[in-house]
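Fold and contact review
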Amino acid sequence: QVQLVESGGGLVQAGGSLRLSCAASGTSRSIFSINDMGWYRQAPGKQRELVARITGGRTNYADSVKGRFTISRDNAKKMAYLQMNSLKPEDTAVYYCNFHMLHDDYWGQGTQVTVSS
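Residues numbered from 1 in each chain as written. Predicted model: local features only at pLDDT ≥ 70, side-chain atom pairs only at ≥ 80, totals over all residues. Heavy atoms only, no water.

**A short note on the side chain of Asp 36**
So the rule is basically this: Under the DSSP-based scheme used, a helix requires at least four consecutive residues in state H or I and a strand at least two consecutive residues in state E, with every element numbered from the N terminus. Remark: exposure states derive from per-residue accessible area (1.4 Å probe, protein chains only) relative to the maximum for the residue type, with buried under 20%, exposed over 50%, and partly exposed in between. In what follows, a contact means two residues having at least one pair of non-hydrogen atoms within 4.5 Å.
Of note, Asp 36 is situated in strand E4 (residues 36-42). Classification of Asp 36 by relative accessible area gives buried; the value is 17%. The residues contacting Asp 36, other than those within four sequence positions of it, are Arg 53, Ile 54, Thr 55, Arg 73, Asn 98, Phe 99 and His 100.

Spelled out as structure tokens, the structure:
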């Protein structure tokens, strides 16, 4: 059973930066490295939405975060990261790490990001 633990959330002023981390356990490095990792977020009263995803060396981002957020991964450490720069109040949400295998999705418990204006 894959387990994901996020960290790095917090309160930051608009224009600031945060780096989220996601640690995976319960899977091997080889399995981890060939499957997708993603970051999603859910703001109060809204549906969970994709923020960024990394598959192999390819990345894709929500239009709202392009140019500001960067997703990366360290397969040797079984870690995924989300560097968030130029944060805006509308980025406020609970951020979730996602590990996607062929027939299964695994989620972390989420980390709160709050951006004050």
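Still more ground to cover, so stick around.
**Description of the pattern of salt bridges**
To be explicit about the condition: Think of a salt bridge as a Lys or Arg side-chain nitrogen and an Asp or Glu carboxyl oxygen that are within 4 Å of each other.
By the definition in use, this model includes five salt bridges. Two residues, Arg 41 and Glu 49, come together in a salt bridge whose shortest N-O distance is 2.7 Å. For Glu 49, a relative accessible area of 36% corresponds to the partly exposed category. Of the charged contacts in the structure, one is a salt bridge between Arg 68 and Asp 91, with a shortest N-O distance of 2.8 Å. With Arg 68 in the loop between strand E6 (58-61) and strand E7 (69-74) and Asp 91 in the loop between strand E8 (79-84) and strand E9 (93-100), this residue pair connects regions lying 23 residues apart in the sequence. Here the salt bridges share partners, and the residues they tie into one network are Arg 41, Glu 49, Arg 68 and Asp 91.

**Some thoughts on unusual backbone geometry**
Positive phi, normally seen in glycine, also occurs at Lys 78, with a value near 55 degrees. A positive phi angle is found at Ser 86, which is not glycine, with a value near 50 degrees. Here Ser 86 lies in the loop between E8 and E9.

**Considerations on the packing of aromatic side chains**
The criterion, for reference: The pairing test for Phe, Tyr and Trp rings, Trp by its six-membered ring, is centres within 6.5 Å, and the orientation test on the planes gives stacked under 30 degrees, edge-to-face over 60, and tilted for anything in between.
A complete count under the given rule lists three aromatic pairs for this structure. Plain terms: the ring middles of Phe 32 and Phe 99 are 5.8 Å apart, the flat faces sit at 5 degrees to each other, and that makes the pair stacked. In this pair, Phe 32 is assigned in helix H1 (residues 29-34) and Phe 99 in strand E9, connecting sequence segments 67 residues apart. Owing to a relative accessible area of 0%, Phe 32 belongs among the buried residues under this scheme. Take Phe 99: its relative accessible area is 0%, and that puts it in the buried class. Taken together, a centroid distance of 5.0 Å and an interplanar angle of 70 degrees make the contact between Tyr 40 and Trp 107 edge-to-face.

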